[in-house]
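Okay, here's what each chain looks like letter by letter:
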Amino acid sequence: MRLILVSNRLPVQWDGTPNVGGLATGLSSFLSHWKSLGNEVLWVGWPGKSIPEKEQNQYAKKMLEEHGTIPVFLKQKLADSFYNGFCNKTIWPLFHYFTSNCEFSDGTFSSYEEANEEFAKTIRGIYQPGDWVWVHDYHLFLLPGILRSEFPNILLSFFLHIPFPTFEIFRLLPERIHSKILKGMLGADLIGFHTQSYTQYFLRSLLRCLGIENERGIIYFQNHFTKTAAFPMGINVEQFSKYASSAECDAIADQINTNHKKLKQILSVDRLDYTKGVLQRLNAFELFLKQNPNWIKRCKLVLVLVPSRTDVPSYQSMKRAIDEKVGAINGSFGTLDWTPILYQYKGFPFEELVPLYKNTHVMLVTPYRDGMNLVAKEFLVSQKNGMLVLSEMAGASAELPEAILVNPNDLNGMASAIKEAIEMEETEIKNRNEVMVTRLKENSVMEWAKKIYTDTEDTANRNQNFQTKSIPPNSEALLPKTNEPIFIIFDYDGTLVPFQSLPHLAVPTQELVDSISKLSQLPNVSIAIISGRDRKFLETIFTGLPLHLVAEHGAWHRPPNKKEWNSLFHSNADWKKEIKSRLEEFTKRVPGSFAEEKEFSLVWHFRNADPDIGLNAAREMLDELSQISSNSGFFVQRGNKIIEVREYGTGKGKATVKILPDAPLQTFVFGDDTTDEDMFRELPEEAITVKIGKSETIAKYRFQNTDDVHIWIKHLINHITNVTHHAS
Ligand code: GDG
């Protein structure tokens, strides 16, 4: 299988030199493994520079041959507005909770859309069915949606490397932008986040911004399922630990250390960015020295800052502020024979970075906000006896609770954490690190990528199954095959009529009533309406029609042309009183919801409630009632924006069996809800079972909506009339 990896930047820069970053380094082991299984990899991305049009073919050829990469060519002006504009001035600050750094502009968003289209264009040129396409990060939110609309069966994953913010932050994006972002992401089969919280925030934004619900993290949107889940990115543990224990690493570590042998090393390694909280970290170090003068001349802070976005004015002024602070601390605490901060404004090769980690006693990873932070993990597998001080706001903190966790806004807390770490007993450090390292080994970057692949494939299979069941309503497969009598069963709400805000508003059109009437009068045709509705409602709606009516999920039956209702089951509804008062309590709490009482059941409706509050309360109710339902004579079932509590043994399935004549029949059954699955289950194998709508089903076929049912009824009438006509 071929993997097409898509990220804004390629693992090599425009001139072919490697691009330092978590993704390229981390994924290398997985990619080698993937290739060793006989698979191919193509990496699609922007080279980071505009390439003149006449050189593009030559350049693309060279990049493919030498690095297996496919460049996306963006004109300089577009790249500026897309990357420096919308990506770095809007999404990056907003998703890291720096709302005041955030700029909103329709112009840069248009460029963002255009750039995503350019990526799609490049992929269109190479994509072959069967490829796995894996899109990375916030630069390409719209790409999955574009690809899905062009290639409905594409196997497609999306991974977000930065945090997904809470709904209140996300909604700060103008509606036309945030809805496009969410819908774009939903084009993927799988959306991965670093943590459970980011996943929850995303799901909540979907609910609040677009009203889209999820079922345990699975979303159904535009005829397609998307799974969302947390996949904390790991590192290539073997690469780091192997090199860290090599003689070469020790030699370099020794060399670095010669001038400072007796000093305990505190280390900080970051790309220079305001999200990293570098100035605050320096303030904390200064406070630590003030509060603990005994550590003066006994420690040093190695501050590595990798230059980044150097052409952006705010980054330049941040750099100046850091330079000044380092100068001030070194000036006020330093002496001729001791400089507290060793400041390195540059990147180091891997061969020097690991020895630096290994020499370290205290590793400071204290960003204000960070999607994951791989430096913390790399340090842990490379260190000899070093303690990690980690910000609670880094995604990594969810996996590394044995580190000393700090709030980067709490200066005193940070200074105390440095003291605690630098003075911690060796055995304590070892014990804590051992647990974390074991965890990191189990969740390496290799496992991460494999899990993303298998989960994407699972969801794609689910989509495939779903697609194969879908059938047009006028299909031959849905027509009677023999001369045996026909028995048709329809559920009511969601099958014959669409849902409405209030149950009494869901009534059929005259046209539908006429169709059903016509069908019911054809020779050898019987029709049953089996619904959760009460007797009175069904009687009123279908007055005068020769139908079997079954009310309250099978509790009552009225045969065609009869006035009397028979009870199909015996009831002992002792449970109703207690449950009714519970439902009323929920109704008081959730504005817009209401409870409905039927003879053998109680229904709580939350269709008109705030979607978020309604859903949360429904989950709580389901949980609570399920706990007490055993041996209580009732059971609880979730329906479409309702929760129904019903007398035990009154299901539609059992009722269907009771009303079906004991003779050879061709049976057709239509239903949309979980309660209808009982009917599908109880019917003989030959029955034609049809599910209306999207959720999981055991039915043989699927219709998209109630319109399909209406078309089928008309189609059947025509078919029977023609057959009878030809026969006579
Ligand atoms: C995103 C998210 C998330 C850094 N300095 C040097 C160097 N590095 C390498 C580290 C590490 C990588 O860069 C940085 O990883 P981070 O995790 O900190 O962040 P990014 O990749 O920039 O950004 C972040 C990540 O994606 C992964 O999903 O964790 O939250 O913002 O691998 O080793 N490498 C070398 N010399 C350096 O000086 N060789």
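Residues numbered from 1 in each chain as written. Predicted model: local features only at pLDDT ≥ 70, side-chain atom pairs only at ≥ 80, totals over all residues. Heavy atoms only, no water.

A. Expanded view of unusual backbone geometry. Unlike most non-glycine residues, Tyr97 shows phi in positive territory, near 70°. The residue Tyr97 is located in the loop between helix H3 (76-95) and helix H4 (106-126) in this model. Residue class for Tyr97 comes out partly exposed when judged on its relative accessible area of 24%. (Helix = DSSP H or I, 4+ residues; strand = E, 2+ residues; numbered from the N terminus. Buried < 20%, exposed > 50% of the residue type's maximum accessible area, 1.4 Å probe, protein only.)

B. Expanded view of the side chain of Thr456. Secondary-structure assignment places Thr456 in helix H17 (residues 445-469). Assessed through its relative accessible area of 0%, Thr456 is described here as buried. One polar contact links Thr456 to Ser157, side chain to side chain, over a distance of 2.9 Å. With near-sequence residues (within four places) excluded, Thr456 lies in contact with Trp132, Leu155, Leu156, Ser157, Asp189 and Leu190. (Polar contact = N/O pair within 3.5 Å; in protein donor to acceptor, adjacent residues only side chain to side chain. Contact = heavy atoms within 4.5 Å.)

C. Highlighting the sheet that holds strand E12 (residues 341-344). Here six strands make up an open sheet; going across it, the order is E12-E11-E10-E13-E14-E15 and the pairing parallel. Each edge of the open sheet carries a strand with a single partner, namely E12 and strand E15 (404-406). The sheet shows a mean angle of 20° between the axes of neighbouring strands, direction not considered. The sheet contact formed by strand E13 (residues 360-365) and strand E14 (residues 387-391) spans four bridges and is parallel. Its bridge partner lying in E14, Val362 is registered against Met387. In this fold helix H12 (residues 313-333) packs onto strand E11 (299-306) and E12, with an angle of close to 155° to the strand it touches most, E12. (Pairing = 2+ DSSP bridges. Axes fitted to C-alpha atoms, helices over the stretch in contact; angles between N-to-C directions.)

D. Region of the structure containing empty space enclosed by the protein. Enumeration over the complete set of coordinates arrives at two cavities of 30 Å³ or more. Empty space within the largest cavity amounts to approximately 360 Å³. Asp493, Phe499, Arg533, His605 and Ile642 are, among the 29 residues lining the largest cavity, the residues nearest its centre. Elements with a contribution of two residues or more to the lining of the largest cavity: strand E22 (601-605), strand E23 (634-638), strand E24 (642-647) and helix H23 (674-682). Each residue belonging to the lining of the largest cavity can be placed in one class, and the counts come to seven nonpolar, 11 polar and 11 charged. As a volume, the second largest cavity reaches approximately 40 Å³. If you list the elements that add at least two residues to the lining of the second largest cavity, you get helix H1 (22-36), helix H9 (237-244) and helix H14 (374-382). Here the element with the most residues in the lining of the second largest cavity is H1; it accounts for three residues. For the lining of the second largest cavity, the class distribution of residues is three nonpolar, six polar and one charged. (1 Å grid on protein atoms, 1.4 Å probe; cavity = no way out; pocket = protein on both sides within 12 Å on 5 of 7 lines; lining within 4 Å. Points joined across faces, edges and corners; volume = space filled by probe spheres on them. Nonpolar A, V, L, I, M, F, W, Y, C, P; charged D, E, K, R; others polar.)

E. Up close: the sheet that holds strand E1 (residues 2-9). Spatial ordering of the open sheet is given by E3-E2-E1-E4-E5-E6-E9-E8-E7, a layout of nine strands whose pairing is mixed. Bordering the open sheet on either side are strand E3 (69-71) and strand E7 (214-215), each of which pairs with just one other strand. Along the sheet, helix H2 (residues 56-67) makes contact with strand E2 (40-46) and E3, crossing E3 at roughly 160°.

F. Representation of the domain arrangement of the protein chain. With domains assigned, the protein chain is organised as domain 1 (2-230), domain 2 (237-437), domain 3 (476-569 + 649-727) and domain 4 (573-646). For domain 2 and domain 4, the distance between their C-alpha centroids amounts to 54 Å. (Domains from an automatic or database assignment.)

G. Just the packing of helix H11 (residues 278-291) against helix H15 (residues 411-422), in detail. Where H11 contacts H15, the axes come no closer than 8 Å and their chain directions differ by 65°. Where H11 crosses over H15, the two elements pack in a sense that is right-handed. Together, Gln280, Arg281, Asn283, Ala284, Phe285, Leu287, Phe288 and Gln291 of H11 and Leu411, Asn412, Met414, Ala415, Ile418, Lys419 and Ile422 of H15 make up the contact between the two elements. A breakdown of the residues in the contact of H11 with H15 according to their chemical character gives nine nonpolar, four polar and two charged. (Left-handed = near helix turned anticlockwise from the far one by under 90°.)

H. Up close: the environment of Leu301. Following the sequence through the fold, Leu301 ends up in strand E11. Look at Leu301 and you get buried, because its relative accessible area is 1%. Sequence separation of Leu301 and Gln265 is 36 residues, and the distance between their C-alpha atoms is 6.1 Å. When near neighbours in sequence (up to four residues on either side) are disregarded, Leu301 contacts Ile266, Leu267, Ser268, Leu282, Phe285, Pro340, Ile341, Leu342 and Leu364.

I. Local environment of the layout of surface pockets. Each pocket or cavity is described by its volume, and for the second largest pocket that value is around 1,400 Å³. Sorting the residues of the lining of the second largest pocket by element identifies E7, strand E8 (218-221), helix H21 (611-629), E23, H23 and strand E26 (688-692) as the ones contributing at least two each. For the lining of the second largest pocket, the element with the most residues is E8, which contributes four residues. Looking at side-chain class alone, the lining of the second largest pocket contains 10 nonpolar, 13 polar and 14 charged residues.

J. Spotlight on the nonpolar core. Val6, Phe141, Phe164 and Phe202 are the most contacted members of the largest nonpolar core, which totals 102 residues. Of all the elements, H3 adds the most residues to this core, at 10 residues. If you count residues domain by domain, this core takes at least three from each of domain 1 (2-230) and domain 2 (237-437). When sequence neighbours within four positions are dropped, the list of residues in contact with Phe164 reads Phe95, Tyr97, Phe170, Leu182, Met185, Phe193, Tyr198, Tyr201, Phe202 and Ser205. Counting residues in each nonpolar core, the second largest holds 57 residues, with Leu5, Leu155, Leu390 and Val437 among its members. (Core = buried A, V, L, I, M, F, W, Y, C linked by side-chain atoms within 4.5 Å.)

K. Molecular detail of the site of the ligand. Taken together, 22 residues sit near the ligand, with His161, Phe348, Asp370, Leu374 and Glu378 positioned nearest. Backbone polar atom of Met372 to an oxygen atom of the ligand: 2.9 Å apart, as the coordinates give it. Counting only elements with at least two residues in the shell around the ligand, the list comes to strand E10 (264-271), helix H13 (350-358) and H14. A class-by-class count of the residues in the shell around the ligand yields 11 nonpolar, seven polar and four charged. Two domains each put at least three residues into the shell around the ligand: domain 1 (2-230) and domain 2 (237-437). (Near = heavy atom within 4 Å.)

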